[in-house]
Amino acid sequence: MPGLFLHLFEQFSLENFKLTISQGFWRTNLWGYQHVNTGVAGGTELSVKFFDKTKNPYQKWHDFIHLINGLFCTSILGLLPQFIVQPKFNDGWWYGSLGGESVCTENLQSWKRLLPCKKSGLASLLKPTSLLSTRFHSITIEMNKQNRNGHFGNFHLTLISKTVYNYQSFKEFTLQNLFNSKLFLRCPVSIQSQLLIKKSKYFDVILPSFVITQNSQDSDLLVIDLNNSSSLNLNKFRFLAKVDNTQRYTHSPTM
């Protein structure tokens with residue numbers, strides 16, 4: 001857990017905070033509904049819950065906005081108290097959103113610095129040239145203080161990268177095409193690394209022979225353990241357009 005966030009929670013008496021920055025608009029008619037736990041809107045959203053609700057929450061929100069603005073290279077000063085409606089019954093929660101702020105390279109680099117490995121693991125796939133040229137992309141940072149036996153002492157940090165690629169005109173492509181990277185390098189300090197692929201009626205997924213899939217509660221989801229080897233050739237993970245759907249295929253798949 002980055003020490004900066006531990007200090008952040010202590011300084012502002014936080015229970016939870018979540019920052020999401022998105023580029024583009026989620027088109028439900030093309031890509032379906034978003035997952036309930038990762039649904040995001042366009043622009044920027046910030047939500048915070050202060051544990052201590054009595055000590056000048058407006059000043060806390062003001063200072064927190066300035067701090068987050070610098071940490072993640074955003075432009076969210078429009079969420080300062082003088083520019084928003086002051087809540088009367090918020091139970092410690094503060095929320096703000098801006099429609100004009102989108103993901104840029106600086107945001108992505110700040111997000112990647114929170115990962116345990118900076119050049120391997122998930123970081124080896126997150127390249128700005130491929131991610132920021134997609135139809136939709138968002139990054140989310142969420143951290144909360146977990147309550148166990150009536151005491152707040154455990155922290156949980158969640159990082160989510162959500163991307164929609166446009167491969168409408170392709171009959172075949174690979175993970176290398178998507179991420180502009182040949183190899184996935186395993187993060188040596190990670191306890192678990194998984195690749196989740198959602199099955200599509202438009203594409204068949206061709207996996208390498210050495211890959212072992214794991215059971216999933218969602219029958220439409222392929223779960224692949226990435227910790228079996230130190231590196232994986234992403235060119236071996238192929239997606240083939242189904243022959244009977246090629247002529248009728250009009251929507252881009254969601255990855």
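A quick note: this is a predicted structure, and the numbers were derived from the prediction, not measured. (Residues numbered from 1 in each chain as written. Predicted model: local features only at pLDDT ≥ 70, side-chain atom pairs only at ≥ 80, totals over all residues. Heavy atoms only, no water.)

1. A short note on the packing of helix α1 (residues 3-12) against helix α3 (residues 57-71)
Any two packed helices are characterised by how steeply their axes cross, that is the angle between the axes, and by the distance between the axes. Orientation of α1 relative to α3, taken along the N-to-C sense of each, is 165°, at an axis distance of 11 Å. Judged by the angle between their axes, α1 and α3 are roughly antiparallel. Between α1 and α3 lies a crossing of right-handed hand. Between α1 and α3, the contacting residues are Leu4, Leu8 and Phe12 on the first element and Lys60, Asp63, Phe64, Leu67, Ile68 and Leu71 on the second. Among the residues making up the contact of α1 with α3, the classes are represented as 7 nonpolar, no polar and 2 charged. (Axes fitted to C-alpha atoms, helices over the stretch in contact; angles between N-to-C directions. Helix = DSSP H or I, 4+ residues; strand = E, 2+ residues; numbered from the N terminus. Parallel < 35°, antiparallel > 145°, perpendicular 65-115°, else oblique. Left-handed = near helix turned anticlockwise from the far one by under 90°. Contact = heavy atoms within 4.5 Å. Nonpolar A, V, L, I, M, F, W, Y, C, P; charged D, E, K, R; others polar.)

2. Focus on α1
Phe5, Leu8, Phe9 and Phe12 are the residues of α1 that are buried. One side of α1 carries all its buried residues, which in axial view fall inside an arc of 95°. Looking one or two residues past α1, serine 13 carries a phi angle of roughly 50°, positive in sign. (Buried < 20%, exposed > 50% of the residue type's maximum accessible area, 1.4 Å probe, protein only. Arc of directions from axis to C-beta.)

3. Side note on the state of the cysteines
Tallied over the full model, the rule gives 1 disulfide. The side chain of cysteine 117 participates in a disulfide bridge whose partner is cysteine 187; the two sulfur atoms lie 2.0 Å from each other. Across the S-S bond linking cysteine 117 and cysteine 187, the dihedral sits near 70°, which makes this disulfide right-handed. Taken as a pair, cysteine 117 in the loop between α4 (105-112) and α5 (128-131) and cysteine 187 in the loop between β7 (183-185) and β8 (194-198) lie far apart in primary sequence, 70 residues in all. Cysteine 187 matches cysteine 117 in its accessibility class, with the two residues each being buried. (Disulfide = S-S within 2.5 Å.)

4. Comments concerning the environment of glutamine 194
As for its placement among the helices and strands, glutamine 194 is situated in strand β8. Exposure remark for glutamine 194: the relative accessible area of 33% places this residue in the partly exposed category. Sequence separation between glutamine 194 and asparagine 227 is 33 residues; the distance between their C-alpha atoms is 7.7 Å.

5. Remarks on the sheet that holds strand β13 (residues 238-241)
Strand order in the open sheet formed by 3 strands is β6-β13-β9, and the pairing between neighbours is antiparallel. Of all strands in the sheet, those bounded by a partner on one side alone are β6 (172-174) and β9 (203-206). Each strand axis lies, on average, 20° off the axis of its neighbour in the sheet, ignoring direction. Examined bridge by bridge, β9 and β13 share 4 bridges and lie antiparallel to one another. In the sheet register, isoleucine 206 faces β13, and the bridge partner there is arginine 238. (Pairing = 2+ DSSP bridges.)

6. What about the nonpolar core?
For soluble globular proteins, nonpolar side chains are generally found buried alongside one another. If you look at the biggest cluster of nonpolar residues, it comprises 48 residues, and the most contacted ones within it are Leu14, Phe17, Leu46 and Phe64. Among residues more than four places away in sequence, those in contact with leucine 14 are Leu8, Phe9, Val48, Lys49, Phe50, Phe51, Phe64 and Lys145. Among the nonpolar cores identified, the runner-up in size contains 5 residues, and Trp26, Trp31, Val40 and Phe136 belong to it. (Core = buried A, V, L, I, M, F, W, Y, C linked by side-chain atoms within 4.5 Å.)

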